[in-house]
Amino acid sequence: KTGRILAIAQNTKFTQDPSLAESDPSYNSIVFAGDSTNGGSIGFSAGSTFKLFTLVDWLEKGHSLNETLNGRLRPVPNMTNSCAGNWVNQGNYTINNFGNSGGYVGTPMMFTRDSLNTGYLAMAAELDLCDIAKVVKKMGVTTGDGKEITMANANEVIGSDNISPIAMAGAFATVANGGSRCPAKVIDKVTAPDGSDRPTPDLKCETALTPEIAATAAYALQGVMTGNGTGAAANPGDGTPVLGKTGTHEAHETWMIESSTNTTTAVWVGNWDGGTTTLFGKYANRIQLSDLRYRLARDVQRAADDIYGGDRFPDPVSNLLRTQQRDLPNV
């Protein structure tokens, strides 16, 4: 509700000695949570956490979470972009789902719970990529090196852009905060040598989403954290309601972002230096590396819940939950 950063942690020790960083991988000068301006990082491929922005645009355009779409595996549909020019799948190529799932005919509620790429590509094909880019911008997100995201191709729908964990945490916090976006705040107080207070950056929260859109998006994202949702393993189960979203880029970068109404946790585990070593089938302390994100996010969010708690999320808007059927082609 304030944008205040409560904690940042990473599994390296800080040094500004290049020779030490090169000789010992446990040392680094980069703040992985930050961006190129603050921390020297360019961010990480957001993976399916980026589906948040297509979800928001879908709801803002009046579509329902229970609208039926063809989310089967197929060549990616062409997509409208009224700003950067329409994207055309000239090679007629297919973007796969995690685990080589064949997809299914389903709803955005189901696609969000299962993080189904083909479902979200079907949603994006009915929207304007330019409008999704506008959602990204108003929720305070740029690439890690400060560039505006234009949504020029289908891969961006499922998170090919590099984004800082702080920026992604802020976007999810906006949904959990009823649509009010609060810029990240890292300075609480500055004191001069004489004991007087110096001014701190003037950061004000502003409305990015209507409460109705935020509440309905939160409803969909809560489905990720329960039952068979892809983020259920990260739910602290402490009685505090949480929303969330998983993300995987190829097999070498993983995310888990979750939030109560009061605090947001963003975890990234992966190859920080551009490497493509898989996190699947490799273990540390009997935990598959690809699953570390769940353990980290769950424990950090539980600690935050113990201190700050959280309330029940507002109810979604009934009009955005209406059942809507459509004819599908005989394939």
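Up top is the structure these notes are about.
Every value quoted in this text rests on a predicted model; they were computed, and no experiment measured them.

Caption draft 1: Structural detail: the state of the cysteines. Enumeration according to the criterion identifies two disulfides in this entry. What pairs with C83 in a disulfide is C130, and their sulfur atoms sit 1.8 Å apart. Within this pair, whereas C83 is found in the loop between β4 (69-72) and β5 (103-106), its partner C130 is found in helix α5 (residues 129-138), the two being separated by 47 residues in sequence. Within the protein chain, bonded cysteines paired by disulfides and numbered along the sequence follow the pattern 1-2, 3-4.

Caption draft 2: Region of interest: the packing of aromatic side chains. Counted by the stated rule, this structure contains seven aromatic pairs. Between F32 and F44, the ring centres sit 6.3 Å apart and the planes meet at 70°, which makes this aromatic pair edge-to-face. Separated by twelve residues along the polypeptide, F32 in the loop between β2 (27-28) and β3 (44-45) and F44 in strand β3 bring together distant segments of the chain. Just as F32 is buried, F44 falls in that class too. Where F98 meets F280, the ring centres are 5.7 Å apart and the plane angle is 45°; that geometry is what we call tilted. Pair noted here: F98 is in the loop between β4 and β5 and F280 is in the loop between β13 (264-270) and β14 (283-284), with a separation of 182 residues, a long-range link. On the basis of relative accessible area, F280 is assigned to the partly exposed category, the value being 24%. The structure contains a cluster of three or more aromatic residues connected by ring pairs, namely F32, F44, W268 and W272.

Criteria and cut-off values
Residues numbered from 1 in each chain as written. Predicted model: local features only at pLDDT ≥ 70, side-chain atom pairs only at ≥ 80, totals over all residues. Heavy atoms only, no water. Disulfide = S-S within 2.5 Å. Helix = DSSP H or I, 4+ residues; strand = E, 2+ residues; numbered from the N terminus. Phe/Tyr/Trp six-rings, centres within 6.5 Å; stacked < 30°, edge-to-face > 60°. Buried < 20%, exposed > 50% of the residue type's maximum accessible area, 1.4 Å probe, protein only.

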